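Here is how the chains run, residue by residue.
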Amino acid sequence: MASLCTSTTISAFLLILVIHSRHSPVAAFYLPGSYPQRYRPGDTLAAKVNSLTSPSSKLPYPYYSLPFCAPQDGVRHAAESLGELLLGDRIQTSPYRFSMLNNTTPLFLCRTDPVTPDTAELIKSRIDDAYQVNLLLDTLPVMRYLKDPIAPGVVLRSTGFPVGVRADDGEYYVYNHLKLTVLVNKLNATTRVETLMATGDGAELISFNGGKEGGGYTVVGFEVVPCSVDHDAVSFKDKNIYDEIASKAAAGCDPSVVGMRVQDNRSLVFSYEVTFVESSIEWPSRWDAYLEMGGAKVHWFSILNSIVVVAFLAAIVLVILLRTVRRDLAQYEELGSEAGAHTDDLAGWKLVAGDVFREPSHPVLLCVLVGDGVRILGMGVVTIVFAALGFMSPACRGALVTGMFCFYLVLGVAAGYTAVSMWKTVRQGDTAGWKSVAWRASFAFPGVGFAVFTVLNCVLWYNGSTGAVPFLLFLVILFLWFFVSVPLTLAGGLLASRVHHIEFPVKTNKIVRQVPAAQCSPWVFVAVAGTLPFGTLFIELFFIMSSLWLGRVYYVFGFLLVVLALLVTVCAEVSVVLTYMGLCVEDWRWWWRAFFASGSVALYILGYAIYYLVFDLHSLAGPVSAALYVGYSLLMALAVMLATGAVGLGASFCFVHYLFSTVKLD
């Protein structure tokens, strides 16, 4: 079993490396942006293009699905990582080329064939859905700066630029002229710069004139001002690519002025110009403009709010443990020492000592859910820790998703071990059926997640979106599931089956104790309990949702790590309090309630997702985008329920075990 797991794991990671670099095996070990690429004056740089994306439509499309200019030597695909493919990135070469430190006048790019009616409607549809063009230079996305029309003096920034604009007269215009600005930082002659042997997405440096000595320039910024210029297509009929054009409109283009109208049977003319500006921004700080997020005070407010909730619940738990429980123990010991004391004088949680560790209903399902919850929680913690320490640079596109995927595969060991350990504890050492538990842990949440992923991927395939995972990668994911995740989960279960189980401090009676009728259903308290964990994360949840669905960069993983620690603490405290309340009314059925007491936070997250869809994503275009949003939101809520439920049940089990191990029973 161990040799099988080792061989399959090695083969799986080799497959990931092959996917990471379809062109060169060396590129699989290169993290874009890890080292500064040095350029000399006159070196030729080439920009690349990514998929067209839209904040109102969750369907990315290939850049060349619209009639844009293609390179003379043909379109080539860049090597992409596993995370990039899962996120829908499709990076390709473009005809935009620059000569280092050589500013240009407007240059002719291409003249398209006459636009057909279908193509014209497609362009108009992309403009209506606010699709953005995403250029990349030296792994930096192009940045656009705008003046806020509501708040004078405030400058808004966003990555990419719109395909075009719809004017007040109802006509559609394409942004066909780009005023590009490349910010460069001059290296000192004594600066030691390492030269890369290969790159994952093809060579950014087309020609290199310098040696290995220090100096040179690094790219630290990439900005654009898109314009719509009314070029006369007839006058450009004999122009060649990169020819200078004497266009007054292009030379002094104004983003607020529109010119190149989209209409049937009219050719589109594209042009661009570039300006190099020497900047004081150093290479390690070039991502600051992209990662700088507003609302730092809001993050601190969220953390302080969570700390108050944690302190409040911690005080309640301390009161329960130090005062209430000690008082109860003293009373029970006093009654037990009195001659002629009757059990009728006893009340509260001690009366359910013979039933408190009775096997819960559907024990296999509970063990499987807890095992999957531990796996998801472990994946989240490890990923956030690595991201907070800076190991997942934004320059390495898709690194976060790739890391999460790999951690989830490896933590199959934790899922199998936890599920089988809990099964042995519930059955008090009986190992019969542990294989069934381990197998179900291998297919429970992964099966649900893969089913949702497959349905949504088919929808993306049908719509021709780059968000659809390629069929080959789809098969690779299946391979990793069956030949890496499943064996590791079974190995964890095998290890747990050979470890001694946790023994209960009291024996379980053969006759089931009747639970007294309650005035109010305990599940009402379980549902309400989810508000406290939700209160610790709802502010941070807004930033996470904005990052996922509005294309905003989220990189404050330090805040997220603190919020996650507070969330785990609150979930544990809530479950302990509700478990103790149930035992005090002689209700020994605490297993499932402890799981859902903290897991019910998923209901509030799902409710917030619906609220976010209605009030913040009101511009979401089409039922396909809505279906994607709902599908992934349900999957996210399920994952949160499993992770928080595992925390709550684990904390409650430790509390109950400690509570009854302190009682002397006859």
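The name an unreviewed UniProt entry assigns to the chain is Transmembrane 9 superfamily member, from the organism Dichanthelium oligosanthes. One UniProt comment on the chain, placed under Sequence similarities (unreviewed entry), says "Belongs to the nonaspanin (TM9SF) (TC 9.A.2) family."

S.K.: Looking at this model, I keep getting lost on the overall build of the chain. Mind explaining?
M.R.: The helix and strand inventory of the chain stands at 17 helices and 14 strands. Across the chain, contacts joining residues at least 24 apart in sequence account for 84% of those joining residues at least 6 apart.

S.K.: So what exactly am I meant to see when it comes to the packing of aromatic side chains here?
M.R.: Enumeration according to the criterion identifies 41 aromatic pairs in this entry. For the ring pair F450 and F453, a centre distance of 6.2 Å and an interplane angle of 45 degrees mean the geometry is tilted. Note that F450 and F453 are positioned in helix α10 (residues 434-462) at a spacing of 3 residues, about one turn of the helix. The residues F450 and F453 share a single accessibility class, namely buried. On the numbers, 5.2 Å between centres and 40 degrees between planes, the contact of F450 with F474 is tilted. Here F450, found in helix α10, pairs with F474, found in helix α11 (residues 471-497); they are 24 residues apart in sequence, far enough to count as distant.

S.K.: How do you make sense of the environment of H657 when you look at a structure like this?
M.R.: Within the secondary structure, H657 sits in helix α17 (residues 622-661). Setting aside chain neighbours within four positions, we find H657 in contact with F357, I502, E503 and P505.

S.K.: Can you help me understand the state of the cysteines in this one?
M.R.: By definition, a disulfide links the sulfur atoms of two cysteine residues through a covalent bond. Inspection of the entire model under this criterion finds 1 disulfide. Shown here is the disulfide that connects C69 with C110, its sulfur atoms set 1.8 Å apart. The sign of the -75 degrees torsion about the S-S bond sets the C69-C110 disulfide as left-handed. One end of the pair, C69, is in the loop between β1 (44-49) and α2 (82-87); the other, C110, is in strand β3 (residues 107-111), and 41 residues separate them in sequence.

S.K.: Quick question: what am I supposed to make of the confidence of the model for the chain here?
M.R.: Keep in mind that low pLDDT regions are not for reading the predicted coordinates in detail. Across the chain, pLDDT averages 83, with 82% of residues at or above 70. Across residues 1-33, confidence stays below pLDDT 50; counting only partners more than four residues off in sequence or on other chains, it has 60 contacts. Of the regions scoring below 50 in pLDDT, residues 339-345 engages in 3 contacts with residues more than four places distant in sequence or in other chains.

S.K.: Please clarify how the sheet that holds strand β6 (residues 140-141) should be interpreted in this entry.
M.R.: Backbone-to-backbone hydrogen bonds join strands into a sheet, with any given pair of strands oriented parallel or antiparallel. Taken in spatial order, the 4 strands line up as β2-β1-β5-β6 in an open sheet, and their pairing is antiparallel. Here the strands that pair on one side only, and so sit at the sheet edges, are β2 (92-99) and β6. By the bridge criterion, 2 bridges tie strand β5 (residues 135-137) to β6 in an arrangement that is antiparallel. Bridging from a neighbouring strand, L137 pairs with L140 of β6.

S.K.: Could you clarify how one ought to interpret the pattern of salt bridges in this entry?
M.R.: Opposite charge on two side chains lets them pair, provided their charged atoms get close. Counted according to the given criterion, the structure contains 11 salt bridges. Of the charged contacts, one joins D73 and R76 as a salt bridge, the two residues approaching to 2.9 Å between their closest N and O atoms. D73 gets classed as partly exposed once you look at its relative accessible area, which sits at 47%.

S.K.: Help me understand unusual backbone geometry, please; the structure alone is not making it clear to me.
M.R.: Note: most peptide bonds trans; most residues except glycine with negative phi. In this model, Y242 sits at a positive phi of 70 degrees, which is unusual for a non-glycine residue. In this fold, Y242 is placed in the loop between β13 (217-227) and α4 (248-251). In this structure, N265 takes a positive phi of about 60 degrees despite not being glycine. Following the sequence through the fold, N265 ends up in the loop between α4 and β14 (269-278). Taking relative accessible area as the criterion, N265 reaches 61% and is therefore assigned exposed.

S.K.: Honestly, the pairing of β14 in this entry has me stumped. Any pointers?
M.R.: Each regular strand displays side chains that alternate between the two surfaces of the sheet. In terms of residue burial, β14 counts as a mostly covered element, since 7 of its 10 residues are buried. Sheet topology places β3 next to β14; 4 bridges connect them, and they run antiparallel. In the sheet register, C110 faces β14, and the bridge partner there is F270. As judged from the 8 bridges shared by strand β12 (residues 177-186) and β14, these two strands associate in the parallel manner. When the bridges of β14 are listed, V182 appears paired with F276.

S.K.: Help me out: how do you make sense of the pairing of β2 in this one?
M.R.: Here β2 lies mainly inside the structure; 6 of its 8 residues are buried. One ladder, built from 5 bridges, connects β1 with β2; its direction is antiparallel. Opposite T44, over in β2, you have S99 as the bridge partner.

S.K.: Explain the packing of α10 against α17 to me, please; I cannot follow it from the model alone.
M.R.: Axes are the key here: two packed helices are described by the angle between their axes and the distance separating the axes. Running from N to C, α10 and α17 point in directions that differ by 170 degrees, and their axes come no closer than 10 Å. As summarised for this structure, α10 and α17 are arranged roughly antiparallel, according to the angle between their axes. Packed against α10, whose contacting residues are F445, V448, G449, V452, F453, L456, V459 and L460, the element α17 presents V624, A627, L628, G631, Y632, L635, L638, A639 and L642 at the interface. For the contact of α10 with α17, the residue count by class is 15 nonpolar, 2 polar and no charged.

S.K.: Help me out: how do you make sense of the nonpolar core in this one?
M.R.: Nonpolar side chains in soluble globular proteins generally cluster together in the buried interior. One finds L583, W590 and F660 to be the most contacted residues of the largest nonpolar core, which totals 114 residues. Core analysis: the second largest hydrophobic core is formed by 61 residues, L52, Y96, C110 and Y290 among them.

S.K.: Can you walk me through a nonpolar patch on the surface in this structure?
M.R.: A contiguous nonpolar patch, built from W439, F443, F482 and F483 and spanning about 390 Å² of accessible area, is present on the exposed surface. Of all the elements in the fold, those that place two or more residues in the nonpolar patch are α10 and α11. With respect to the helices, strands and loops of the structure, F483 is situated in helix α11.

S.K.: What exactly am I supposed to notice about the side chain of R358 here?
M.R.: Assignment of secondary structure puts R358 in the loop between α6 (296-337) and α7 (363-388). Classification of R358 by relative accessible area gives buried; the value is 13%. In terms of polar contacts, R358 uses its side chain to reach the side chain of D355, at 2.5 Å. A distance of 3.3 Å separates the side chain of R358 from the backbone oxygen of I511, its partner in a polar contact.

The rules behind these values
- Residues numbered from 1 in each chain as written.
- Predicted model: local features only at pLDDT ≥ 70, side-chain atom pairs only at ≥ 80, totals over all residues.
- Heavy atoms only, no water.
- UniProt positions renumbered as here; feature names shortened; annotations may be inferred.
- Helix = DSSP H or I, 4+ residues; strand = E, 2+ residues; numbered from the N terminus.
- Contact = heavy atoms within 4.5 Å.
- Phe/Tyr/Trp six-rings, centres within 6.5 Å; stacked < 30°, edge-to-face > 60°.
- Buried < 20%, exposed > 50% of the residue type's maximum accessible area, 1.4 Å probe, protein only.
- Disulfide = S-S within 2.5 Å.
- pLDDT = per-residue confidence, 0-100.
- Pairing = 2+ DSSP bridges.
- Salt bridge = Lys/Arg side-chain N within 4 Å of Asp/Glu carboxyl O.
- Axes fitted to C-alpha atoms, helices over the stretch in contact; angles between N-to-C directions.
- Parallel < 35°, antiparallel > 145°, perpendicular 65-115°, else oblique.
- Nonpolar A, V, L, I, M, F, W, Y, C, P; charged D, E, K, R; others polar.
- Core = buried A, V, L, I, M, F, W, Y, C linked by side-chain atoms within 4.5 Å.
- Patch = residues over 30% accessible without salt bridge, like charges linked within 9 Å, V, L, I, M, F, W, Y side chains within 5 Å.
- Areas by Shrake-Rupley, 256 points an atom, 1.4 Å probe, with all protein chains shown as cover.
- Polar contact = N/O pair within 3.5 Å; in protein donor to acceptor, adjacent residues only side chain to side chain.

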